[in-house]
Amino acid sequence: MIFLHFRVIFWFLVGAFLGLFLFVSFAYLIFQRVNSNLVYPGIRVENIDLSGKTEQEIQEIFSRKNDLIANIQFVFTDNVDIATVSAKDLDFGYNQNLIAKQTISIGKGNNFFSNISLVTQAYVNSLTLEPSYHYSEKKLIEILSFFIEKTNKHPIDALFTLKDGKVTTFRPSEDGIIVDIDAIKNALNSKFTILSSVSSIKNKQAITIPVSTKIIKPKITTDRVNDLGIKEIIGKGTSLFQHSIPSRIFNITLAAGRINGVLVSPNEEFSFDKALGDVSSFTGYKQAYIIQNGKTVLGDGGGICQVSTTFFRSLLDAGLPITERHAHAYRVSYYEQDSPPGFDATIYVPTVDLKFKNDTGKHILIQTEIEEHPQRLSVFLYGTKDERVVEISKPIITNIVRPPEDLYQDDPNLPKGTIKQVDFKAEGSRVYFTRKVSINGKEILSDKFISNYSPWQSVYLRGTRE
């Protein structure tokens, strides 16, 4: 009897549930049909109640909000240049089409129970959606194109070829740099928050977006292409050779090429004369002015001291021990075009040399570079930095002596009436400067470089040939 009562109660409950389910389903179908093209009650975006709105009405609501910010100016800058664009031209604002589609679709999916849950939740407690935003990536790239063109540089892979003890191909790696589009997009995305207070935005408000950059590392870095410790510049010297005659420029280029790629081993004493080799017409040098026997005369290899002087400056900059250096007999104007006096070094193969010792514990690679404009020679020393700090004083000039009076000499090889200058005046002086080199506060070198320059007179040849 009890079992019979349980069966009756069970089937009654099942019938009631099925009846309720059918009623709810029927009611929901009617509700769904009535609101098929409308947002269900209780659905909001930000603080806007969109209940009963059509897709077009929602689009219009957010289009009007976009109109309120149309004239906001976005200023993209890299702290040097700027590019400005309005919110309207950038298509920056609410994505009214997507917002309309999202709100209309709430509770209208394929899952019946999920739909019922969403509709009930919206009706009882309301359901607030996050708004969707947009801007035109194509227009963003267009506005950034100026920064991209001036900034973007591809990384450069290192090259290193060693043959017969000399580096025949060397190219240090270089980092690339590009405009960080993702960072700019993130910065722009963060500005969507202003739309929540769109009614209080000033129509001409300007919003600054920094043009960020990021470093791109090369695939092959300098310290990976060799095991000699050659990975960075440890010293650099430069000099100008403007107003040089063509043969002098030729000799400078030739001599610079002779020392380019030379490797200096750890603890080796480098000899400039030895690296240069024979200097004569037999080894390709042309005649240009040299100092010989107290006179400036034409001789093979005139101009190679431009290279030794520049090399001397690179050694000073690197803080390397200089074991032999000689100043010129007089102050040569070439070496003071971009430097005070005293920073020169003469050589005369094989008796007058320029030497240094490699005390870095790693190999040193010598690289030279000539720029046709503005006629500049550079010497780079590559190796491994060891934290040495170089302090070079300003030169002290004393014992200044005026140059002698101009000298005119008759020359039967020149036509009568011809005047040709073969030597140039320079005042005599004593010049010195000091250099201190330290590592982690401990002094490892203390030098004093002295140059005693003789006064030099101008010499003119006067033609006497009839």
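Residues numbered from 1 in each chain as written. Predicted model: local features only at pLDDT ≥ 70, side-chain atom pairs only at ≥ 80, totals over all residues. Heavy atoms only, no water.

A. Region of interest: the sheet that holds strand E3 (residues 73-77). Strand order across the open sheet formed by three strands is E4-E3-E11, with mixed pairing between neighbours. Two strands close off the open sheet at either side, each with one partner strand: strand E4 (82-86) and strand E11 (206-210). Going across the sheet, the axis of each strand differs from the next one's by a mean of 25°, ignoring polarity. Summarising the sheet, E3 and E4 pair through five bridges and their orientation is antiparallel. Counted as the bridge partner of glutamine 73 is serine 86 from E4. (Pairing = 2+ DSSP bridges. Helix = DSSP H or I, 4+ residues; strand = E, 2+ residues; numbered from the N terminus. Axes fitted to C-alpha atoms, helices over the stretch in contact; angles between N-to-C directions.)

B. The side chain of serine 308, seen in detail. The topology assignment puts serine 308 in helix H9 (residues 304-318). For serine 308, a relative accessible area of 0% puts it in the buried group. There is a polar contact of 3.1 Å between the side chain of serine 308 and the backbone oxygen of cysteine 305. Looking at serine 308, its side chain comes within polar contact range of the main-chain oxygen of alanine 345, at 2.6 Å. Excluding residues that lie within four positions of it along the chain, serine 308 makes contacts with Phe272, Ala345, Thr346, Ile347 and Leu354. (Buried < 20%, exposed > 50% of the residue type's maximum accessible area, 1.4 Å probe, protein only. Polar contact = N/O pair within 3.5 Å; in protein donor to acceptor, adjacent residues only side chain to side chain. Contact = heavy atoms within 4.5 Å.)

C. How the structure looks around the sheet that holds strand E6 (residues 127-129). One open sheet holds the three strands; their spatial order is E2-E1-E6, and the pairing between them is mixed. The outermost strands of the open sheet, each flanked by one partner alone, are strand E2 (48-49) and E6. Strand direction decides the pairing type here: strand E1 (residues 43-45) and E2, joined by two bridges, are antiparallel. When the sheet's bridge partners are listed, arginine 44 is paired in E2 with aspartate 49.

D. Layout of helix H6 (residues 181-190). Considered for burial, the residues of H6 that qualify are Ile181, Ile184, Lys185, Ala187 and Leu188. All buried residues of H6 lie within an arc of 160° about the axis, which places them on one face of the element. On the buried face of H6, the contacting elements are E3, helix H5 (137-151), strand E10 (176-179) and E11. (Arc of directions from axis to C-beta.)

E. Here's a closer look at the environment of alanine 275. In this fold, alanine 275 is placed in helix H8 (residues 272-276). For the pair alanine 275 and alanine 255, spaced 20 residues apart in the sequence, the C-alpha separation amounts to 9.6 Å.

F. View of the packing of H5 against H6. The interhelical angle for the contact between H5 and H6, taken along N-to-C directions, is 125°, at an axis separation of 12 Å. In terms of their interaxial angle, H5 and H6 are classed as oblique. The two elements H5 and H6 cross, and the hand of that crossing is right-handed. Across the interface between the two elements, Glu137, Leu140, Ile141, Leu144 and Ile148 of H5 pack against Ile181, Ile184, Lys185 and Leu188 of H6. (Parallel < 35°, antiparallel > 145°, perpendicular 65-115°, else oblique. Left-handed = near helix turned anticlockwise from the far one by under 90°.)

G. Fine view of the packing of helix H7 (residues 246-259) against H9. Running from amino to carboxyl end, H7 crosses H9 at an angle of 45°, the nearest separation of the two axes being 7 Å. Classified by the interaxial angle, the pair formed by H7 and H9 is oblique. Contacts between H7 and H9 involve Arg248, Asn251, Ile252, Ala255, Ala256 and Ile259 on the former and, on the latter, Ile304, Gln306, Val307 and Phe311. Partitioned by chemical class, the residues of the contact of H7 with H9 number seven nonpolar, two polar and one charged. (Nonpolar A, V, L, I, M, F, W, Y, C, P; charged D, E, K, R; others polar.)

H. The arrangement of the pattern of salt bridges in detail. Counted by the stated rule, this structure contains 18 salt bridges. The salt bridge involving lysine 185 is made with glutamate 137; its shortest N-O contact spans 3.0 Å. You can see lysine 185 sitting in helix H6 and its partner glutamate 137 sitting in helix H5, a full 48 residues away along the chain. Note that arginine 462 is salt-bridged to aspartate 410, the shortest N-O span being 3.2 Å. Separated by 52 residues along the polypeptide, arginine 462 in strand E28 (residues 459-465) and aspartate 410 in strand E24 (residues 407-415) bring together distant segments of the chain. Residue arginine 462 is classed as partly exposed on the basis of its relative accessible area, which comes to 35%. Here the residues in one salt-bridge network are Asp78, Asp81 and Lys150, joined through shared partners. (Salt bridge = Lys/Arg side-chain N within 4 Å of Asp/Glu carboxyl O.)

I. How the structure looks around the environment of alanine 206. Note on placement: alanine 206 falls in strand E11. Classification of alanine 206 as exposed rests on a relative accessible area of 52%. For the pair formed by alanine 206 and threonine 84, sequence separation is 122 residues and the distance between their alpha carbons is 9.1 Å.

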